[in-house]
Amino acid sequence: QVHLVESGGGLVRPGGSLRLSCEISGATLDTRVIGWVRQAPGGGREGVACIHISAGSTYYPPSVKGRFTTSTDNAKNTVYLDLNSLAPEDTDVYFCAADSSCGNLSEYAYWGQGTQVTVSS
């Protein structure tokens, strides 16, 4: 089974940056993409990035494009999400997720446990 573990969350000042990591194990040939989805308490899930892990093609919604960047390190079986120019509204639990396609950026077959990102002064 696909197993995903996020790390790297924490407290950051507005305008600051964080790098989130997603360690992947148990991937198959059908595990073609890793997505990043965030969820606030009482809120819905919002996809913020998706990457094809072999080709490196990336997709972002307009709300984060230019601020968030996702990338892969295949040797380490790790996908990264770089969060830049962070604002308080970016405060959420961030999940990485796996599937065969990026789809609508928020629906995936496998999910990690999430890592908390808090943006506050």
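The present account deals with the structure reproduced in this document. As the structure is a prediction and not an experimental result, all values here were calculated from the model.

All right, on to the state of the cysteines then. The tally for this structure, following the rule as stated, stands at two disulfides. Here Cys50 engages in a disulfide with Cys102; their sulfurs sit 2.0 Å apart. On the sign convention where negative is left-handed, the bridge of Cys50 and Cys102, at about -90° about the S-S bond, is left-handed. Of the two residues, Cys50 sits in strand 5 (residues 45-52) while Cys102 sits in the loop between strand 9 (92-99) and strand 10 (110-111), which places them 52 residues apart along the sequence.

With that out of the way, let us pick up the pattern of salt bridges. Pairs can form between side chains of opposite charge once their charged atoms are near each other. Here the structure, examined in full by the defined rule, presents six salt bridges. A salt bridge links Arg32 to Asp30, with the shortest nitrogen-to-oxygen separation between them at 3.8 Å. The exposure class assigned to Arg32 is partly exposed, which follows from its relative accessible area of 45%. Between Asp90 and Arg67 there is a salt bridge; the shortest N-O distance is 2.8 Å. Within this pair, whereas Asp90 is found in the loop between strand 8 (78-83) and strand 9, its partner Arg67 is found in the loop between strand 6 (58-59) and strand 7 (68-73), the two being separated by 23 residues in sequence. Judged by its relative accessible area of 1%, Asp90 is buried. Counted as one network, the salt bridges with shared partners bring together Arg38, Glu46, Arg67, Asp90 and Asp92.

Turning next to the nonpolar core. The biggest cluster of nonpolar side chains holds 25 residues, and the ones touching the most others in it are Ile34, Trp36, Leu81 and Leu83. Per-element accounting of this core gives the leading share, four residues, to strand 3 (residues 18-25). With residues up to four places along the chain from it excluded, the contact list for Leu83 reads Gly16, Ser17, Leu18, Leu20, Arg67, Phe68, Tyr94 and Val117.

Evaluated as defined, the whole model comprises two aromatic pairs. Consider the rings of Phe95 and Trp111, whose centres lie 6.1 Å apart with planes at 80°: the pair is edge-to-face. Placement of Phe95 in strand 9 and of Trp111 in strand 10 is noted, with a sequence separation of 16 residues between them. A relative accessible area of 12% places Phe95 in the buried class. For Trp111, a relative accessible area of 26% puts it in the partly exposed group. Both rings, one in Tyr108 and one in Trp111, keep their centres 6.0 Å apart while their planes meet at 80°; by these two values the pair is edge-to-face. Take Tyr108: its relative accessible area is 8%, and that puts it in the buried class. An aromatic cluster of at least three residues, connected via ring pairs, comprises Phe95, Tyr108 and Trp111. The ring centre of Tyr80 lies 4.3 Å from the NZ or CZ of Arg19, which sits over that ring. Note that Arg45 overlies the ring of Trp111, its terminal NZ or CZ placed 4.2 Å from the centroid.

The rules we used
- Residues numbered from 1 in each chain as written.
- Predicted model: local features only at pLDDT ≥ 70, side-chain atom pairs only at ≥ 80, totals over all residues.
- Heavy atoms only, no water.
- Disulfide = S-S within 2.5 Å.
- Helix = DSSP H or I, 4+ residues; strand = E, 2+ residues; numbered from the N terminus.
- Salt bridge = Lys/Arg side-chain N within 4 Å of Asp/Glu carboxyl O.
- Buried < 20%, exposed > 50% of the residue type's maximum accessible area, 1.4 Å probe, protein only.
- Core = buried A, V, L, I, M, F, W, Y, C linked by side-chain atoms within 4.5 Å.
- Contact = heavy atoms within 4.5 Å.
- Phe/Tyr/Trp six-rings, centres within 6.5 Å; stacked < 30°, edge-to-face > 60°.
- Lys NZ or Arg CZ within 6 Å of the ring centre and 35° of its normal.

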